[in-house]
Amino acid sequence: MVRRSVRIPVALAAGLTVAFGPVAGVALADPVSVADPVTFDRALNLQGVLNGRDAGGYHTTDGRWVRTGLVYRTGQLDKATPADLAVLANRQVRVIDDLRTVYERSVATDRVPAGTVANWNDVIGQAPPQTLVTILTGGNDLYRAFITAPGANEAIASVLRDIIDTDGAVLFHCTAGKDRTGWTSAVLLTILGVDRDTVTQDYLLSNQYRNAGPNDPLNGVSAAWLDAAFDQANQSYGSFDNYVRDGLHVSAIDIATLKAKLLA
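Residues numbered from 1 in each chain as written. Predicted model: local features only at pLDDT ≥ 70, side-chain atom pairs only at ≥ 80, totals over all residues. Heavy atoms only, no water.

**Examining the nonpolar core**
Trp183, Val187, Tyr243 and Leu248 are the most contacted members of the largest nonpolar core, which totals 56 residues. For this core, the element with the highest residue contribution is helix H6 (residues 152-165), accounting for eight residues. Not counting chain neighbours up to four residues away, the residues in contact with valine 187 comprise Ile156, Leu160, Phe240, Tyr243 and Leu248. The next biggest cluster of nonpolar side chains, apart from the first, holds 13 residues, and it includes Val49, Val93, Ala169 and Leu171. (Core = buried A, V, L, I, M, F, W, Y, C linked by side-chain atoms within 4.5 Å. Buried < 20%, exposed > 50% of the residue type's maximum accessible area, 1.4 Å probe, protein only. Helix = DSSP H or I, 4+ residues; strand = E, 2+ residues; numbered from the N terminus. Contact = heavy atoms within 4.5 Å.)

**What about the confidence of the model for the protein?**
Reading predicted coordinates in detail is not appropriate for stretches of low pLDDT. Chain-level pLDDT for the protein is 87 on average; 85% of the residues reach the 70-or-more range. Note that residues 3-38 has pLDDT below 50 and, in this model, 93 contacts with residues that lie over four places away or in other chains. (pLDDT = per-residue confidence, 0-100.)

**A few points about the packing of helix H7 (residues 180-192) against helix H9 (residues 223-237)**
Contact pair H7 / H9: the axes reach a minimum separation of 11 Å and the direction vectors enclose 60°. Between H7 and H9, the crossing angle belongs to the class labelled oblique. Crossing of H7 over H9 shows right-handed handedness. Across the interface between the two elements, Trp183, Ala186 and Thr190 from H7 touch Leu226, Ala229 and Phe230 from H9. Considered class by class, the residues forming the contact of H7 with H9 number five nonpolar, one polar and no charged. (Axes fitted to C-alpha atoms, helices over the stretch in contact; angles between N-to-C directions. Parallel < 35°, antiparallel > 145°, perpendicular 65-115°, else oblique. Left-handed = near helix turned anticlockwise from the far one by under 90°. Nonpolar A, V, L, I, M, F, W, Y, C, P; charged D, E, K, R; others polar.)

See the structure below:
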């Protein structure tokens, strides 16, 4: 495992994992393939990692498709089995971006394939303690913090830049792979031109992949939460495009590069 310099480590009080849910217990992907939306199975089928799936395979509003085999999303990797690591290696995962706080990382250290670059992009850990107390309850406040918390924009932007720069696949994850990971995926797909309804459907797949029951905020997700994040991006920056440009500092050239790499 290769570790790149850590981005903004901040200590966090115990009990954080309650807000994000627990984690329980292949052929080489074509990095330039275009998925058939009917037959494409996005599941990674990992043994010790929940909510693992390909982030691609979606149709864009301009008639293109998001390539598969280049971006993956999962829950935490602390229980990844040797077979799981082999799957990730075979899928050419070269960079893993961990969106968790220092506390989450300390109690559940990732297992990653040998030679993989492991980056730490803490989304909410820099929030003031009084703010953390509020957002740890989850829901709308948590999702709004993905835009407003100190360091959040830098963390999301770092994942996007890793996708641009990596020769191979990038995997990003948080604890449950549903909240911070869900917003990061929603941002990526929206930048690429996937329509909002499809972005929401992709986000809600966490309920299926985590076997979440109705009204189960610990294990599942709600469309209203994702709406809150988009709303906060609009409130803070005037529009989603402004959020990307002025909040994430992702340039028009960055966006063009992302599209050239990920769209077919």
